[in-house]
Structure formats: C-alpha cells, structure tokens
Amino acid sequence: MTIVQTRPAPAPVRRSVPGRIRVISGVTAAALALLFAALAAGAWTVGDGLRVIGRDAGPQVVATAGLYLALSDMDAQVADALIMGDSYDRERQRAVDRYERRRSEANQALLKAFELSGDNPAERRTVQSVLDGLGRYERLAAQALLLDERSPHPPGRPPDDVVLLHRQATDLMRLVLLPQAYNLTLENGTIVRQTYDDKALTVPLLRGAVVLAGLLALGCLLVLQVYLARRFRRVLGPALLAATVATAVALLFGSNVLAQDEQALREAKTAGFDSVLTLARARAISNSMQGDQSRYLLDQARADTYEHMYLDKSLSVLYVEAGNLETYHAKVTGGSGEGFRGLLGPELVGRSGKAAMDAYRRFQAADMDFRARAADGQVREAVEARLRPVGEAFDAYDRSLVALSEQHENAFERAIGRGESTLDGLWRLLPSAIGVIGLLVVAGVWPRLKEYR
Amino acid sequence: MKRVLAAVVALMAAAVVAGCGTGSAESIVDQDELVIAVRPDLPSVGFRRTDGTFEGFDVDVARYVAGKLGKPFTLVPVLAADRDKVLVDGRADMVVATYTISMDRKATVLFAGPYHISYQDILTRPDERIANVRDLAGRRICEVQGSNAVQRVVEERKVPARVVPFADYKACLAALKSEQVDAVTTNDVILAGLAMQDGSGLRLNNAQFNEQRSGIGLPKGDVPGCEAVNRAITDMYQDGTAEKLLHRWFGTSGLDLSTIAVPQFEGCS
C-alpha cells in the first residue's frame, strides 16, 4: 500500500490491478482463516464432549457404582454373619473375609472417586463425608461382630445388644452413606446429559460455520483465479488450483470428521452411557435388597420395615402394580415378562435381557420361599434359605446384570475411541493444511504482484 | 465480494440465533419467578397462618430451593388431592407438599428429590404405647377420607385393625382423645405436627413401618429443572440446613431425629 501512495502520479488502471488482487487475496485469506477457526472450534468442542463423557463421567459412574456395591455388600455381609449364629463357622469366616475385601474395595473406589471429582466441590464434599462416615461404620460393625461372637446363639436373631449395635451401624450405612454414593453416580448422569445437550446444539452450528466459511473460501479462490486469468491472459495458475483443491478437501474432510464425532457422541450416550448408568443403579438397589432379606431375619422389631423396603426396591427395579409383596411375587414369578416398567423395564431386551429377566424371576421365587419359612417360624430353615438358594439366585441375577452392562460398556468404549481417533486425525492434519494452503495461495499471487514492482 | 461476505456473516449469525431459540417447554431454571404450591392444612409441615402467610418444614425447604435457584417466588395453597392437577394445568411450577413419590404419580409429574425420608407412624394417647404395626391388631384406628394410610396397615400388612372413618385429622385427634379410637396412623411428620399443635402430650411411637419418600413435584419433562433442584437438595443436606430445619420444626415432637437420613434421589429421566 505504501508503495502505491508514495508514487507521484500512477496510471489509474495500473494502480487498481494490484489493489484488487490484494483485496481479493485478503478476503480469501480471511475466509480461509474463518474456515480453519471454525474447524478448530468444532474440533475443540467435540473433543471436550468426548473427554467429559468418555474420560470423566463414564469412569466416575463405574467408580461410584463400585463404591455403592462395596459399601452395600459390607453391610449385607455383617448382617449375614450376625444371623449365622453358632452353626456356620466356616461361612461366618467367609462372610467376615468378604466384608474385609469389600472394605478395601470401598476405600479404593473412594480414592478414585475423589480423584475423578476434579474441581466439582459438591462431589468432593460428598466423598469426604462418606469417608468420615465409613470410619464410624467400621467401628460399629466391628463391635457388633465381636459382641455377637462372644454371645453364642442359634441361627437367626442375635441377642438384643447385638441387634441394637447392628441397628446403629446399618442405619448409618443405609440412611447416610449409601444414598450419598448413589447420588454421586446419579450426578454423573446429570453431567453427561448437560454436556451432551450442549454439544448437540453447538457442534452442528460449528459444522454449518465450517461449510459456509469453506464455500466462501472456495468462491474467493475461484474469483481470484478468474481475475488473474483475465488480467494476465493465463489459462491456469497451478498453485492457486492446488490451493482450491486442498481447501475443498479440507472442507469435506473437516465437516465429515465433525459429523462423525457428533454421531460418536450420540452413540456413546444413548447406546452406551445411559444404559450403563441405569444398570449400575439397578445393581446398587438390588444389592441392598439382599441385605434387607438378612436384616428382616435379624431385627424382629423392624422386620415389617425391612420387608416393605424390599418391596419398595423391587418395585423400583421392575414395576408391576402390586399393593403387597405377595401380589408382587405372584405377578413377577408367574407373569410373561411383558410390559414391566421400572429401571430394568426398558433394559431387558434381547437374549441377555431375557436371561436377566429369568434370573430376576428365580431370585424373587427364592425370596418367596424364604419368607414363607420365616413367617412359619422356621428360623433355622429361613437362615439356610437366605444363605444358600436365595444367595445363589441373587449372585446369578447380579452376574446377568453385569453381562448386560458389559455389552453397553463396550459400545460406549467403542464410540468414544472411534470419536477420539477421528478427531486425532483432524488435529494432526490441521496445521499442515493451514501451512500448505497458505503457501500455495502466496505462490499463486506473489509472482503476479511482483510484475507491478 | 464484500457484499457476499456480509451476507454470509448475516446468515451465520441468523443460524446461531435460531439455534439458541430452539428450546422445548420452558424449564423452571429459565423462568423469572416461581409459583410454589405448599400445604395449608398441616401444622409444622405446610400451614397457613391467620395472616395468610405460610410456615412449616416444607415451606422452609421451598424457600431454600428457590433461593439456591436464585428465583423470587410466591406460595400458593394446595390440598392433597390437587397436587397433580396444579402442575399439569400450570397453576404451580413446583409442589413441595409432603408429596410421596410413587410410580403412578410419576406418569403425570416429574419428581425431584426426595428431600425428606419419613415413615408411616402411630400416634396414641400419652399413656399408651403401640411401637409395632402388628400391635394394631384388634385396636380401633382412625381412617381419614382420601388417605391410603389405613389401607397400608389393613391390606398391605394384613393387620386386622378395626377401622373407624372420620372426615379429617382434626376429627381423628378429637376421637383419639375421647377414646373413640386408639390410634391415628399416617406420615410421621404430619402426626408430629398435629400432636404439637394439639399440645396435650399425645405420643408419637416411632414405629417407622413404611418408608415414604417426599419429593418435589415438577411438570413432567423438566429434566434440567429437576437436576437443579436435586443439586439444591444436596447442598441443603451438606450445609446442615436440612438437619437444622428438622430440629426447628420437629425437635420437640418426639420424632426420632438421631439419624438424619440423606435422601437417595429418584433420578430425573
């Protein structure tokens, strides 16, 4: 520009040609910059979505669900050990060992959850509160186990002082610690939904911006070539032609990557994460159901409360209209399995879904048998039923849920992995594309401008 | 060329604006102020004073949640039977009214929370003690029209109590004191509030036989609103407000507050 201004009286035509070339080149460069900015913004946005959903919330659901299961099983093992009395020495030792194992799993899960909670203050406070409570719980549970050992009793209800200690321990676990672990899992569902909704809105917009900026850049490149060809009577500018092709490729490739990653995010959420979360919740609730069975035997005064909790949890896992446990048992064990609502309702599809449904039915049938014995006053038989057929039916049911969840976990991992590798390709190519296209444009325009020096 | 560029920029701007405008039904988090429905008829829970203002545990919870959402609010009275209706026809944005979460209700409304876990309990005369629902067998219990508490004893638990119907809890309490019935049974916070208002020392037995989860009712589909309310409830338990409020309203009622249960959320989807 300065050159043009300092020249005394240049001819009007000669002054306007380099000026126009500069204007058109400038607009082209701006359009290209817009294209790459939009691409980078789009890639950053989907990358952020993949990171939050795939590397933060997804693993956090697994960690916190693991925490819940470990805590809930600790409480169930304590209740089991207390109802065994003096007839199950080996089993009692096994229950205590399992309690210890679960305790260490819970500690690990807490550490992991704390690490993954990042800068979310509410999550951190919750983890800390569970950590505090767990120490108190362990003390109460250890006291109850020790007192129970010192006061031998037949299988079934332990002495009153043991029941009272156990009551303090289990109240702390069920009313304070478990809900917090559960809500922590649920909070990740919130994070994923918010992130997904946000990305589902912005990514298509950025992809639109990429397409518009790309078309604009292509148009500018074409105009530039046509102008140069007319002015300088050349048919082809090879450098500009190459720049045009490279821009077209960058546009197609970039918008395609964004579309694919949008799809990967959608798949990770709907085919993976949502089901993993639901199944984790169902497993958590189911695990505390088997604890309610032992507690029902252990604490006579609260037997009705524990039975009602068991019914309530059954209803939330798999809902049929039933006013009491008897009706629920009849409907679930006799029903066709069609039209159930509740957490598992929509998840029990396909072959693994049907297997899980059958396993759940067998668990409820075993529960029916177990309660019939308890109601008849056959305490020893009820304890035997709880420890053997009911426990085994529960383990089989839990395994079927794990199998079902694994399918969705795999779908989740695949979608996140695919999204990330596609995105990696874009990040690797972006700098070289910027460099190459920039050089080509300069190589196409610079020689023409030089002719006016 | 400049005109083309200008047109493109305008087009992109339009696309952005259009994108932001595509929200579904308005969430409570996007509203400027809230209308919250509370009970006018339950002392210490949701109660309308003679000057027309409201007080009680539910009212304080509503106030806390609205504060956390950063919204000014107005309170409106709602009776038990209308709780679904006010949400469906839009007369209220939120219902905080000892609204027990149930699968049937979930078909029409969305529940945030629960914000409090209570139990069904038994209220007796001061000199009597009925600590277990089984001990209601053969005793006369009061049935209030429209409440299913008695069915839960007689049908769900199959306890052969003798059911005596009355119009409302006020009549029930009078009948209890004049020995026409031996017990009143319903949600423990309702009984605690009634007993404190009555002031003659009626005994709350802490029988705790049916867990009841009181949720915050929202219009169906408001998932962001439900999540925001759940976060507010988490804060309420973490910062000690829940415990303080329970002690303020029920501290002298005989309600067992030794363990403050943290509510396990229902989930918003």
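In this text, all values refer to a predicted model and were calculated from it rather than measured experimentally.

(A) Focus on the overall build of chain A. Summing up its helical and strand segments, chain A has 10 helices and 0 strands in all. Sequence-ordered secondary structure for chain A, helices as α and strands as β, is α-α-α-α-α-α-α-α-α-α. Relative to the 2.2 N^0.38 estimate, which gives 22 Å for 453 residues, the radius of gyration of chain A is 33 Å and therefore markedly larger than a compact globule would have. Along the longest, intermediate and shortest principal axes, the C-alpha atoms of chain A span 115 × 45 × 35 Å. In chain A, which comprises 453 residues, the proportion classed as buried is 54%. Considering only contacts within chain A whose residues lie at least 6 apart along the sequence, 83% involve residues at least 24 apart. Looking at chain A as shown, the accessible area adds up to about 19,800 Å², and 57% of this sits on carbon and sulfur atoms. Mean positive and mean negative side-chain charge positions of chain A (55 and 52 charges, respectively) differ by 17 Å.

(B) Up close: the overall build of chain B. Broken down by element type, chain B carries 9 helices and 12 strands. In terms of overall dimensions, chain B has C-alpha extents of about 95 × 35 × 35 Å along its principal axes. By the burial criterion, 54% of the 269 residues in chain B qualify as buried. Summarising the internal contacts of chain B: among those between residues at least 6 apart in sequence, 72% fall at separations of at least 24. Only carbon and sulfur atoms are counted for the fraction: they give 53% of the accessible area of chain B, which is about 11,600 Å². The averaged location of the 34 negative side-chain charges in chain B is 2 Å from the averaged location of its 30 positive side-chain charges.

(C) Structural view of the interface of chain A and chain B. With 41 residues of chain A at the interface, the matching set in chain B holds 42 residues. Carbon and sulfur atoms supply 55% of the area buried between chain A and chain B, which totals about 3,600 Å² over both sides. Of all residues in chain A, the largest losses of buried area upon contact with chain B belong to A:Leu175, A:Asp304 and A:His308, amounting jointly to 17% of the total for that side. Run the count over chain A and chain B and you get 17 residue pairs in polar contact (both at pLDDT 80 or more). Elements supplying a minimum of two residues to the side of chain A that touches chain B: α2 (12-84), α4 (121-150), α5 (160-232), α6 (238-298) and α7 (303-317) of chain A. Residue contributions to the side of chain A that touches chain B peak at 21 residues, all from α5(A). Of the residues contributing to the side of chain A that touches chain B, the split by class is 21 nonpolar, 10 polar and 10 charged.

(D) Fine view of the UniProt feature "domain: Solute-binding protein family 3/N-terminal" (unreviewed entry) in chain B. The sites that UniProt annotates as "domain: Solute-binding protein family 3/N-terminal" (unreviewed entry) are residues 33-253 of chain B. Between the C-alpha atoms that bound residues 33-253 of chain B the distance is 34 Å, and the span itself is 35% helix and 30% strand.

(E) Focus on the nonpolar core. Ranked by internal contacts, the top residues of the largest apolar core, which has 147 residues, are A:Leu71, A:Tyr137, A:Tyr328, B:Met94, B:Ile216, B:Val229 and B:Phe250. In terms of residues, this core owes the most to one element, α5(A), which gives 14 residues. Per-domain counts for this core show at least three residues from each of domain 1 (27-118 + 212-250) and domain 2 (120-204) of chain B. In terms of nonpolar packing, the next biggest core, distinct from the first, is built from 57 residues, A:Leu39, A:Val61, A:Leu221 and A:Tyr227 among them.

(F) Fine view of the pattern of salt bridges. As enumerated under the stated definition, the model contains 57 salt bridges over all chains in all. Across the pair B:Asp182 and B:Arg125 runs a salt bridge whose closest N-O atoms are separated by 3.1 Å. Linking B:Asp182 in the loop between α6 (169-177) and β10 (183-187) with B:Arg125 in the loop between β7 (109-124) and β8 (140-144), this pair joins segments that are 57 residues apart in sequence. In terms of burial, B:Asp182 and B:Arg125 fall into one category: buried. Connected via shared salt-bridge partners are A:Asp304, A:Glu307, A:Asp367, A:Arg371, B:Arg134 and B:Arg157.

(G) How the structure looks around the state of the cysteines. Residues and elements named next belong to chain B. As enumerated under the stated definition, the model contains 2 disulfides over all chains in all. A sulfur-sulfur separation of 1.6 Å characterises the disulfide bridge that pairs Cys142 with Cys172. Because the sign of the S-S torsion sets the handedness, a value of about -45° for the bond joining Cys142 and Cys172 places this disulfide among the left-handed ones. Of the two residues, Cys142 is situated in strand β8 and Cys172 in helix α6; the sequence distance between them amounts to 30 residues. Cysteines bonded in chain B are numbered consecutively along the chain; their disulfide partners then correspond to 1-2, 3-4.

(H) Molecular detail of the packing of aromatic side chains. One pass over the full model with this rule turns up 11 aromatic pairs over all chains. Centroid distance A:Tyr68 to A:Tyr182: 6.0 Å. Interplanar angle 65°. Geometry classified as edge-to-face. Remark: A:Tyr182 occurs in helix α5 and A:Tyr68 occurs in helix α2; sequence separation between them is 114 residues. Taking the relative accessible area as the measure of exposure, A:Tyr68 reaches 3% and is therefore buried. Pairing B:Tyr99 with B:Phe111 gives two aromatic rings, centres 5.0 Å apart and planes at 65°, and the pair type is edge-to-face.

(I) Focus on the sheet that holds strand β4 (residues 54-55) of chain B. All names here are of chain B. Pairing within the open sheet is antiparallel, and its 3 strands lie in the order β2-β3-β4. Each of the sheet's edge strands pairs with one partner strand only, and the pair in question is β2 (41-42) and β4. With 2 bridges connecting them, β2 and strand β3 (residues 46-48) associate as antiparallel partners. The residue of β3 that forms the bridge with Leu42 is Gly46.

(J) Spatial organisation of the domain arrangement of chain B. All names here are of chain B. What the domain assignment reports for chain B is domain 1 (27-118 + 212-250) and domain 2 (120-204). If you look at the interface, domain 1 gives 11 residues, while domain 2 gives 11 residues. Broken down residue by residue, the surface that domain 1 buries against domain 2 is led by Pro43, Ser118 and Gln212, which jointly contribute 46%. For the pair domain 1 and domain 2, the interface holds 0 salt bridges. Scanning the region where domain 1 abuts domain 2 turns up 1 residue pair in polar contact (both at pLDDT 80 or more).

(K) The side chain of A:Thr305, seen in detail. Residue position: A:Thr305 is located in helix α7. Residue A:Thr305 is classed as buried on the basis of its relative accessible area, which comes to 6%. Other than its neighbours up to four places away in sequence, A:Thr305 contacts B:Tyr119, B:Ala207, B:Gln208 and B:Phe209.

(L) Just a negative patch on the surface, in detail. Taken together, the side chains of B:Glu26, B:Asp30, B:Asp32 and B:Glu33 present a region of like negative charge at the surface. The residue B:Asp32 is located in the loop between α1 (2-21) and β1 (34-38) in this model.

(M) How the structure looks around unusual backbone geometry. Residues and elements named next belong to chain B. Cis peptide bonds are those with omega within 30 degrees of zero, and the linkage from Gly113 to Pro114 qualifies with 15°. Along the polypeptide, Pro114 turns up in strand β7. Located in the positive-phi region is Ser44, a residue other than glycine, with phi close to 70°. By the secondary structure assignment, Ser44 is in the loop between β2 and β3.

(N) Layout of the pairing of β1(B). All names here are of chain B. The buried fraction of β1 is high, at 4 of 5 residues. Direction of pairing for β1 relative to strand β5 (residues 73-77): parallel, over a ladder of 5 bridges. Paired with Val35 across the two strands is Thr74, which belongs to β5. Where β1 meets strand β6 (residues 94-100), 2 bridges bridge the pair, whose relative direction is parallel. Residue pairing for β6: Ile36 is matched across the bridge by Met94.

Procedures and definitions
Residues numbered from 1 in each chain as written. Chains lettered and ligands numbered in written order. Predicted model: local features only at pLDDT ≥ 70, side-chain atom pairs only at ≥ 80, totals over all residues. Heavy atoms only, no water. Helix = DSSP H or I, 4+ residues; strand = E, 2+ residues; numbered from the N terminus. Rg over C-alpha atoms; globule rule 2.2 N^0.38 Å. Buried < 20%, exposed > 50% of the residue type's maximum accessible area, 1.4 Å probe, protein only. Contact = heavy atoms within 4.5 Å. Areas by Shrake-Rupley, 256 points an atom, 1.4 Å probe, with all protein chains shown as cover. Lys, Arg positive; Asp, Glu negative; His and termini not counted. Charge placed at Lys NZ, Arg CZ, Asp CG, Glu CD. Buried area = accessible area lost by both parts, 1.4 Å probe. Polar contact = N/O pair within 3.5 Å; in protein donor to acceptor, adjacent residues only side chain to side chain. Nonpolar A, V, L, I, M, F, W, Y, C, P; charged D, E, K, R; others polar. UniProt positions renumbered as here; feature names shortened; annotations may be inferred. Core = buried A, V, L, I, M, F, W, Y, C linked by side-chain atoms within 4.5 Å. Domains from an automatic or database assignment. Salt bridge = Lys/Arg side-chain N within 4 Å of Asp/Glu carboxyl O. Disulfide = S-S within 2.5 Å. Phe/Tyr/Trp six-rings, centres within 6.5 Å; stacked < 30°, edge-to-face > 60°. Pairing = 2+ DSSP bridges. Patch = residues over 30% accessible without salt bridge, like charges linked within 9 Å, V, L, I, M, F, W, Y side chains within 5 Å.

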